[in-house]
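An overview of the molecular structure
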Amino acid sequence: MIGRFAPSPTGVLHIGNLRTALLAWLFARSAGARFLMRMEDLDVGRVRPGLDVAQLEDLAAVGVDWDGPVEYQSARLSLYEAALDRLREERLLYECYCTRAEIHEAASAAHGPLPEGAYPGTCLRLSAAELAEKRASGRPPALRVRAGGASVAFVDRLLGPLSGVVDDFVVRRGDGAFAYNLAVVVDDAGQGVEEVVRGSDLADSTPRQLWLARALGLPEPSHAHVPLVLGPDGARLAKRHGAVTLDDV
Ligand code: GLU
């Protein structure tokens with residue numbers, strides 16, 4: 001078995017992230033599995049130089065170790081491009097020219113099986129003339145998958161049976177960045193990860209990721225979403241509650 005931890009070097013690791021990392025490490029190591037470390041550094045606007053090293057030091061300080069070199073997503077771009085090519089060949093991609101405000105407006109007006117706030121497929125219904133007009137506008141499109149409201153179920157090791165309706169989520173943003181949901185699926189499969197252990201705030205993304213793994217013909221990992229660390233008021237632990245990073249304690 002292979003497990004992993006995949007932080008984003010966009011901030012100092014929160015105690016909740018460190019606890020998730022420790023649990024992921026424990027699940028893997030107690031099963032005699034390899035444990036991999038992956039830096040999810042695709043969001044160039046939010047990644048801060050040096051934070052990867054600081055995060056790795058904090059992980060080592062709490063006793064987490066990993067096998068092999070740390071993999072950086074920024075060094076794996078050709079794999080994500082190849083996955084997009086595959087989706088394109090399968091006719092599962094389309095261009096989306098919607099602004100944030102347009103998506104918000106369309107999502108609140110939409111009725112049907114999609115979860116609240118989900119993209120209602122506006123750009124999927126553009127006529128050829130409308131599409132040509134959007135293309136001519138010069139605004140670079142995001143790329144979305146054509147998931148068609150598929151419903152995906154899975155059994156989480158900790159949360160039990162879960163399911164979700166998959167909307168036409170973004171796989172490449174308008175600024176050209178590959179989206180988290182694409183990269184995570186390509187990497188977990190490419191690195192042979194068999195169990196994904198992460199915070200329960202990401203459980204809602206799992207139906208999308210399983211749908212994508214199937215669409216790409218990739219193996220599907222199993223999942224364990226661990227509870228978030230909360231403050232005494234029941235809200236997610238934050239600075240206002242006191243110490244939230246190793247440096248704070
Ligand atoms: N990079 C994501 C984060 O730090 C976690 C991704 C995952 O574990 O699937 O929130």
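Scroll up for the structure.
Residues numbered from 1 in each chain as written. Predicted model: local features only at pLDDT ≥ 70, side-chain atom pairs only at ≥ 80, totals over all residues. Heavy atoms only, no water.

Let us now look at helix α1 (residues 15-30). Here α1 spans 22 Å end to end across 16 residues, near enough to the 22 Å set by a 1.5 Å rise per residue. Listed as buried for α1 are Gly16, Leu18, Thr20, Ala21, Ala24, Trp25, Phe27 and Ala28. Close packing links the buried residues of α1 with β1 (2-5), β2 (34-39), α2 (51-61), β9 (195-199) and β10 (222-226). Where α1 ends, the next residue or the one after it, Gly32, has phi of about 70°, a positive value. (Helix = DSSP H or I, 4+ residues; strand = E, 2+ residues; numbered from the N terminus. Expected span 1.5 Å × (residues − 1). Buried < 20%, exposed > 50% of the residue type's maximum accessible area, 1.4 Å probe, protein only. Contact = heavy atoms within 4.5 Å.)

Further remarks concern the site of the ligand. All residues in the neighbourhood of the ligand are listed as Arg4, Ala6, Pro7, Ser8, Glu40, Tyr180, Val184, Arg198 and Leu202. Contact distances for the ligand include 2.6 Å between an oxygen atom and a side-chain N or O atom of Arg4. Ser8 places a side-chain nitrogen or oxygen 2.9 Å from a nitrogen atom of the ligand. Protein burial of the ligand: of its 300 Å² of free accessible surface, 77% is covered by the chains. Tallied by class, the residues present in the shell around the ligand amount to five nonpolar, one polar and three charged. (Near = heavy atom within 4 Å. Polar contact = N/O pair within 3.5 Å; in protein donor to acceptor, adjacent residues only side chain to side chain. Areas by Shrake-Rupley, 256 points an atom, 1.4 Å probe, with all protein chains shown as cover. Nonpolar A, V, L, I, M, F, W, Y, C, P; charged D, E, K, R; others polar.)

Our focus in this paragraph is the packing of aromatic side chains. Enumeration over the complete set of coordinates arrives at two aromatic pairs. With a centroid separation of 6.2 Å and 85° between ring planes, the pair formed by Phe169 and Trp211 is classed as edge-to-face. Pair noted here: Phe169 is in the loop between β7 (160-165) and β8 (170-172) and Trp211 is in helix α7 (residues 206-215), with a separation of 42 residues, a long-range link. Exposure remark for Trp211: the relative accessible area of 12% places this residue in the buried category. Over the ring of Tyr119 we find Arg144; its NZ or CZ atom is 3.5 Å from the centre of that ring. The ring of Phe27 is capped by Arg157, whose NZ or CZ atom sits 4.3 Å from the centre of that ring. (Phe/Tyr/Trp six-rings, centres within 6.5 Å; stacked < 30°, edge-to-face > 60°. Lys NZ or Arg CZ within 6 Å of the ring centre and 35° of its normal.)

Another point: the environment of Gly32. Within the fold, Gly32 resides in the loop between α1 and β2. What makes Gly32 exposed here is its relative accessible area of 68%. C-alpha of Gly32 to C-alpha of Gly231: the two residues are 199 residues apart in sequence and 33 Å apart in space.

Locating Asp67 in the fold gives a position in the loop between α2 and β3 (71-72). According to the relative accessible area criterion, Asp67 is partly exposed, its value standing at 22%. Residues Asp67 and Ser163, spaced 96 residues apart in sequence, show a C-alpha to C-alpha distance of 32 Å. Contact partners of Asp67, with chain neighbours within four places excluded, come to Arg29, Arg34, Phe35 and Leu36.

On to the pattern of salt bridges. Applying the stated criterion across every chain yields a total of 19 salt bridges. Arg29 is the salt-bridge partner of Asp67, the closest N and O atoms lying 3.0 Å from each other. Pair noted here: Asp67 is in the loop between α2 and β3 and Arg29 is in helix α1, with a separation of 38 residues, a long-range link. The class of Arg29 is partly exposed, set by a relative accessible area of 26%. Among the charged side chains, a network of salt bridges with common partners joins Arg4, Arg38, Glu40, Glu71, Arg76, Asp187 and Asp188. (Salt bridge = Lys/Arg side-chain N within 4 Å of Asp/Glu carboxyl O.)

For the rest of this paragraph, the subject is the side chain of His223. As for its position among the elements, His223 is in strand β10. On the accessibility criterion, His223 (4% relative accessible area) is buried. Polar contacts involving the side chain of His223 include one to the main-chain carbonyl oxygen of Pro221, which spans 3.5 Å. Not counting the four nearest positions on each side in its chain, His223 is found in contact with Phe154, Val155, Asp156, Arg157, Val196, Arg198, Thr206 and Leu210.

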